[in-house]
Amino acid sequence: MQEPTPTSRAPGQPFTPGLELAAGFAREVVSPLLADVPHASALLGWGSDVLGYDTPRSTDHGWGPRLQVFVAAGDVERAAALVEAGLPQRYRGREVRFGWDGMRPRSQVEVTTWPGWLERQIGFADPQAMSWRDWLLVPQQRLLEVVAGAVFADPGGEVARARAALAWFPDDVHRWLLACQWRRLAQEEPFVQRTAEVGDELGSAVVAARLVREAMRLALLLAGRYAPYFKWLGTAFGRLEHADGLDGHLRRAVRAVDAGGREEALCAAYEALARRQNATSLAEELDPRVRGFHERPARVLDADRFAAACREAVTEPALRALPLLGSVDQVADSTDLFGSPAACLRLRALYRDGADERARDGVGVEAAVEGVGP
């Protein structure tokens, strides 16, 4: 991997958050160049600056004056030429044309259409037309990159309407994703104790860390917040309200030096999450207390109870009938996959309902998941 190359930060210059820098750049530089071209402008998409997580460290790599400009299809070429011809060399002491990882310095003002940008971002140009299957094929990070950031100009309201439509999952999708996330906890709850029981302390610690990650993602789902990619998961989780001490329980779980300490902390976390679930009224309220795991010494929540309750609350029959595989970023954990909407769309077959699947090749989703089908 290449070392980061300096982009646009001048030595000793005070740090300005990227969203603030982009707002001034749009207002003072780019918009005047497009005075006679109707346009919207924003800073969306990739980058810690879009999420509001950038720090002075961010300025050494892919950071500087940048934004997207959205125009009508017939105006793209002319607007791009006006921007390229009129950009200054520097803005607020920073290079306007810059690159990183071997990229030659160039303008970081992307001139395009809004539907075109959105389709490249999430795989769909019209959020209002997205089905429940479509929602499952878009990683949360990609959705977050649309609804986070900032919009600086939007005269027709097109950007605002799409961002509002993508602000959060439809209710049925939300409930099903919660069911899938509870299922992920249920699958590994007893393993913290069982791995330690056979002398595998490292394995026990790894299982605990995995469960902490799933608990953090569950907390974000319960709070109605998209989960960012893994680097920023802890940051996003930390900005939630944790009056019930959930953050402390999870910290204790990853710091514990033995299985007993891990299990105690995780059980406290499970109960906090269960109470949060009950408070949402998204599904039937259940007993939030942990209990024994069959005849074994492990203590668990039996998170499958909550998975079943959330699934039962889904009103769309085809969605409710699916196995609890999860959305694309619950099924998979690949940065390269999540960076490619086209690749994510190839997973659509996971979400065929039984009738769709039988009509195609005579095997249902459940059978295919169990390895019975071809």
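Residues numbered from 1 in each chain as written. Predicted model: local features only at pLDDT ≥ 70, side-chain atom pairs only at ≥ 80, totals over all residues. Heavy atoms only, no water.

## Topic: the environment of Val71
Applied cut-off: Going along the chain from the N terminus, every DSSP run of H or I of four or more residues is numbered as a helix, and every run of E of two or more is numbered as a strand. In this scheme, a residue with accessible area under 20% of its type's maximum is buried, one over 50% is exposed, and one in between is partly exposed, where area comes from a 1.4 Å probe on protein chains only. What makes two residues a contact is simply this: any of their non-hydrogen atoms within 4.5 Å.
Along the chain, the position of Val71 falls in the loop between strand S2 (67-70) and helix H3 (76-86). Residue class for Val71 comes out buried when judged on its relative accessible area of 7%. In the structure, Val71 is positioned 34 residues away from Val37 in sequence and 7.7 Å away in space, judged by C-alpha atoms. The residues contacting Val71, other than those within four sequence positions of it, are Val37, Pro38, His39, Val76, Ala79, Val111, Thr112 and Thr113.

## Some points on the state of the cysteines
Applied cut-off: Disulfides are defined in this document as cysteine sulfur pairs within 2.5 Å.
On inspection of all chains with the given rule, the structure shows zero disulfides. Cys180 takes part in no disulfide bond, and the closest cysteine sulfur to it belongs to Cys310, at a distance of 9.7 Å. Here Cys180 falls in the buried class, since its relative accessible area comes to 1%.

## Regarding the layout of surface pockets
Condition: Think of a 1 Å grid over the protein atoms and nothing else: a 1.4 Å probe that fits but is trapped marks a cavity, an open set flanked by protein within 12 Å on at least five of seven lines marks a pocket, and residues with an atom within 4 Å of a point count as lining. Grid points are joined across faces, edges and corners, and a volume is the space filled by probe spheres set on the points. When residue character is reported, Ala, Val, Leu, Ile, Met, Phe, Trp, Tyr, Cys and Pro are called nonpolar, Asp, Glu, Lys and Arg charged, and the others, Gly included, polar.
Empty space within the second largest pocket amounts to approximately 200 Å³. Leu51, Tyr53, Leu144, Val147, Ala167, Leu220, Gly224, Arg225, Tyr226, Ala236, Arg239 and Leu240 are the residues that line the second largest pocket. Looking at the lining of the second largest pocket residue by residue, the classes come out as nine nonpolar, one polar and two charged.

## Describing the pattern of salt bridges
Between side chains of opposite charge, a pair can form when the charged atoms approach closely. How we decide: By definition here, a salt bridge exists when the distance from a side-chain nitrogen of Lys or Arg to a carboxyl oxygen of Asp or Glu is within 4 Å.
This model, assessed by the stated rule, comprises 21 salt bridges. Here Glu201 and Arg262 are joined by a salt bridge, their closest N and O atoms 3.0 Å apart. Of the two residues, Glu201 sits in helix H10 (residues 201-223) while Arg262 sits in helix H13 (residues 259-280), which places them 61 residues apart along the sequence. The class for Arg262 is buried, based on a relative accessible area of 4%. Residue Asp333 is joined to Arg213 by a salt bridge in which the shortest nitrogen-to-oxygen separation is 3.1 Å. Of this pair, Asp333 sits in the loop between helix H16 (328-331) and helix H17 (335-338) while Arg213 sits in helix H10, and the two are 120 residues apart along the sequence. Through salt bridges with shared partners, a single ionic network connects Arg184, Arg213, Glu214 and Asp333.

## Focus on the packing of helix H4 (residues 114-122) against helix H6 (residues 140-147)
Convention followed: Axis geometry follows a simple rule: fit a line to the C-alpha atoms, using only the stretch in contact for helices, then measure angles between N-to-C directions, giving values from 0 to 180 degrees. Oblique is the label for any angle not under 35 degrees, not over 145, and not in the 65 to 115 range, which are roughly parallel, roughly antiparallel and roughly perpendicular in turn.
For the pair H4 and H6, interaxial distance at closest approach is 9 Å and the crossing angle is 155°. Taken together, the axis directions place H4 and H6 in an arrangement best described as roughly antiparallel. For the pair formed by H4 and H6, the contact residues are Trp114, Trp117, Leu118, Arg120, Gln121 and Ile122 on the first element and Arg142, Glu145 and Val146 on the second. Of the residues assigned to the contact of H4 with H6, the class counts are five nonpolar, one polar and three charged.

## Looking at the sheet that holds strand S8 (residues 150-153)
Basically, it comes down to this: The pairing criterion for strands is at least two bridges between them, as found by DSSP.
Pairing within the open sheet is mixed, and its four strands lie in the order S7-S2-S1-S8. In the strand order of this sheet, the two ends are held by strand S7 (109-112) and S8, each with one partner. Taken over all neighbouring pairs, the strand axes of this sheet differ in orientation by 25° on average, direction set aside. Judged from the three bridges that link them, strand S1 (residues 40-43) and S2 form a sheet pairing that is antiparallel. Residue pairing for S2: Ser41 is matched across the bridge by Val69. Packed on one face of the sheet, H4 meets S2 and S7 and runs near 110° to S7.

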